Amino acid sequence: MNLKLIPAIFVGCLTLAGGLKASDHDDGEMDGKGRSLNLTDLYAFREDNQTGNSADSENLILVMNSNPRSLPGQQYFFSSNARYEFHLSRVLDSDKDKRPTGQSDIILRVTFGAPDVNSRQTINLAVIRDGIEQATSGNLQTSNIGDSKAGSFDAQLAQIDGQSIGVAAGLREDPFFFDVNGFFKTRAAIAQAGTAAGAAQIKFASLSTSHNASASDFTASYNVNSIVLRVPLSLLKKNGNSVFDVWETISVKQ
Amino acid sequence: MRITLLFVGLVFIPLLLTGHPLDKAKLSVFKNERGILSVKFNDAEIPNTQIETQIQQSKSEKVPTFGKTLILGVGHIGALPEEWVTEEGQAQWPEGLDHILLVVLLALSGGGLWKILKRVTGFTLGHSLSLAAATLGWIAIPSNIVEVFIALSIAALAAFIAAGKKDIRGGFSIITLTGFLHGLGFANALKELNLPNDKIISALISFNLGVELGQIIILCVLIPTLWMLTRIRFAKAFTAPATAAVVMILASFWTYERTQELEIFRTEHWSAYRFPIIPPLQGEQVISRYEAEYKRDPANTLAINSLAQVLFSAYKKTGSLKDFERARSLNTASLQQQKLLNSSAKCLRASLLEAEHRFSEAILETQTLIQGSKQERECGLVTQISAALAIGDLNQAAIAANTLVMMKPYASYYLMRANILEAQGRQQESDFDLEKAFAREEAGETGFSQKLRFITARIYYQRGEIDEALQVTNSGLQIAENENLLILKADILNAKKDYIGAQDILYRAFELRPQSGILRRLAALNHQSDEIYRHYLEQAELLARAEVETSTGHRMELVRVLSMKGQSSNKLTEAIELIKKELDVRKSAEVMTVFSEVLLQKGNSVQAFHAIQTALQMGGRSKEVLQQAAKVEIALGNKSRAFLYVSERVTN
């Protein structure tokens, strides 16, 4: 497993995001749109990067967050009309610096049932590899707002080809840290300056390390709806590749 | 004895299930010592009895004769040949089949002619009692509950006979109680006639005689048949249990079927809310949360925008002008602080302008937004729809809604498009969009789900599909109480002639949020009593004037109140002045229609004609527009043209 996985994923995300001016963390409060269909951040890392346990190095953790800036104390749900999908392209080690293909070699498709009286939703996970869809088996449910701590992965396993994918979904505190206001102010100042030469004159004080003290975390104490998967890499790999481009989508029927 | 108790239960359970007595709450609006309008309840000024008298008066339209109610009684239990054939001449089971089967059971219950006669007498005694009690208003049980218990009583009696318990102890009392239940069913048939007070007794007697006559007719056919069957050796032993078993199965099925029609079991209906109801955080809780974030960093544009947005949402819900002003000043501050890349603030600015009825400015703003980022384009289109509707540009609104649905197939965008299509008279397409919106509902978004039901119910109400409208309204009210849904329910009950129900609901809506529109409706409900009518209307005017002063420019409610007070022409002149002011900012089909109504009331048919023609040219094809167009044509003496508008309404 190549340790450059994370940068590779990062590059993949940003390139595929294409026209986006920044991370599409938040579209702001709006009346008309479905909150549960609003995507926010994506995280992908090898499990051992967090646990430090080399036995975990064969697991990939994927996190898809939606419903940004949701208020604490309020139960929010996943849409029961949508597909939440992680898309992965397999990349040969030798091609890792090439332009991402944007080809969905693997799709991990998560769908949700309507909530029950305990505000829990059933989770269905399907794995689509090279166009072939396989449903996983296992009794999977979302956590609800009453669950004080998120359960461990081992509690909910989806079985496929004799292997297990750990699944957890529900409300979590948004882990994203960013002084978005500082960022937008600087961006706006650059845009107002009009030219690249003008931009060069802008002092990036608000982004400098010395300014850390006043940087505010705009996601502090807000929740998001998280879908977290722990996928054995052997389920994803083919032809000895160890790099993946990862991106996420939420789609609904027209 | 135990069996008797079971039957006693069958009779009294429905009594327990009936509704609460009418709420006699009264309300009034007055200025308190600080000069602020207040609301007062349980003020004994207006006696409820006057409303009841009014209802009695309105019932005195067609009074059926003694003979007719007698025939109705015979027909009700299916003992008339015409009950057995459809209008097209095909054979059918009569609606009173359940009653016929009961008589069959009585005949099969055995024990000789004398005992049969005794039971029939007991049955007659029971239903005569309950029929009289229910018709005279001593007991009131909803017909759908009564029907369930009627089917259940037949099934139970059939079960006893099928089991061979021919001679049941306490048989007389059981049959009497069964009769009591059936009498409640007869009473519902009689109630549908809306008889005046002085005709009730004679109708009661003739209807009851009719039922007796019907029973005799059935027995005349039945007894010879049964007698013949007992002559056949093979059939003798099986006739009673076999027939009773068939009746039992049939009656059990009816019980099940009728239970499904009860409101509590109707959860599978398409408009039913299929998610658990999670009450959203209270408005103040949400505001104080964003307030805290804003206080922590007043320079944080995101915090300012979020606070402004929730204050605006609070204003939309409660009409609090203070919240609106604050939202506006925060929005201005945000836009000054960060002129570029501030999509949320730009979107909110357009919505604020629209809420202030500054439609032309709002449209200018949306035109810039539509050229902007994806998010700006989306919110720009949303505001463009409301603004376009306000200036009567239905086509522009439809184009914007189409674009939105193509961009994002969200429930809310389908609902917006459905509403526009309905106003254009495109009902089938509107239905299609409503269906899509219901299918795309999301759990936890109860605010939207209520709005979806409110708009859907209003559409059905305007189409005259009253029962569907009521069902959707009730499904919305199951999510949470909401004054708009309550007012709509009152309008629907009014259309169903349930005036007391409508009045009760208006009281409740007024408790939630006092509005002139509620008092105006209460006045209309009491139009037959001059004193009450004027009382409510005075208060409605007071409140409507206050609403004009303390809102962002809603004049149309006051116009409606003034037009109701239209006997004195200075009120109508003021109404016209107000509409002209409204037309400066909002030239919609709706405003033009009201304008036409007021002009017609003032006797100015030609100008009323021009106003309604403008509404029609805007593409308005709603019930109100077409109805007004027809009225104007009648006033101008063009009956054939009026008919064209009425028939267009029907075709829609």
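Residues numbered from 1 in each chain as written. Chains lettered and ligands numbered in written order. Predicted model: local features only at pLDDT ≥ 70, side-chain atom pairs only at ≥ 80, totals over all residues.

(A) Structural detail: the interface of chain A and chain B. Between chain A and chain B, the contact holds 34 residues from the first and 33 residues from the second. Sort the elements by how many residues they give to the side of chain A that touches chain B and helix α3 (residues 180–193) of chain A lands first, with eight residues. Looking at the side of chain A that touches chain B, its residues break down into 13 nonpolar, 15 polar and six charged. (Contact = placed C-beta atoms within 7 Å. Helix = DSSP H or I, 4+ residues; strand = E, 2+ residues; numbered from the N terminus. Nonpolar A, V, L, I, M, F, W, Y, C, P; charged D, E, K, R; others polar.)

(B) How the structure looks around helix α13 (residues 343–355) of chain B. Residue and element names in this part refer to chain B. With 13 residues, α13 should cover 18 Å at 1.5 Å per step; its first-to-last C-alpha distance of 18 Å lies within 8% of that length. Most of α13 is tucked away, with 13 of its 13 residues classed as buried. H357 lies just past α13 and shows a positive phi near 65°. (Expected span 1.5 Å × (residues − 1). Buried ≥ 20, exposed ≤ 12 C-beta atoms within 10 Å, placed from the backbone.)

(C) Looking closely at the sheet that holds strand β7 (residues 157–160) of chain A. Residue and element names in this part refer to chain A. Here we have five strands laid out as an open sheet, ordered β1-β2-β9-β8-β7, and antiparallel in their pairing. Each edge of the open sheet is held by one strand with a lone partner, namely β1 (39–46) and β7. Neighbour-to-neighbour, the strand axes of the sheet open up by a mean angle of 20°, direction not taken into account. Across six bridges, β1 lies against strand β2 (residues 59–70) in antiparallel orientation. When the bridges of β2 are listed, A44 appears paired with L62. (Pairing = 2+ DSSP bridges. Axes fitted to C-alpha atoms, helices over the stretch in contact; angles between N-to-C directions.)

(D) Local environment of the pairing of strand β8 (residues 163–173) of chain A. All names here are of chain A. One ladder, built from four bridges, connects β7 with β8; its direction is antiparallel. Looking at β8, one finds that L157 is bridged to G166. Two successive antiparallel strands, β7 and β8, enclose a turn made up of two residues, where D161 displays a positive phi of approximately 50°. Summarising the sheet, β8 and strand β9 (residues 223–232) pair through eight bridges and their orientation is antiparallel. The partner of A168 across the bridge, within β9, is V228.

(E) Just the nonpolar core, in detail. Residues and elements named next belong to chain B. Among the nonpolar cores identified, the biggest contains 116 residues, and I385, A397, A401 and V598 are the most heavily contacted of them. Look past the residues within four positions of I385 in its chain and what remains in contact with it is A397, A400, A401 and M416. V103, F149, A162 and V247 belong to the second largest nonpolar core, which has 47 residues in total. (Core = buried A, V, L, I, M, F, W, Y, C linked by C-beta atoms within 7 Å.)

(F) Fine view of unusual backbone geometry. A positive phi is found at R69 of chain A, a non-glycine position, where the angle reads about 50°. Mapped onto the elements of the fold, R69 of chain A is located in strand β2.

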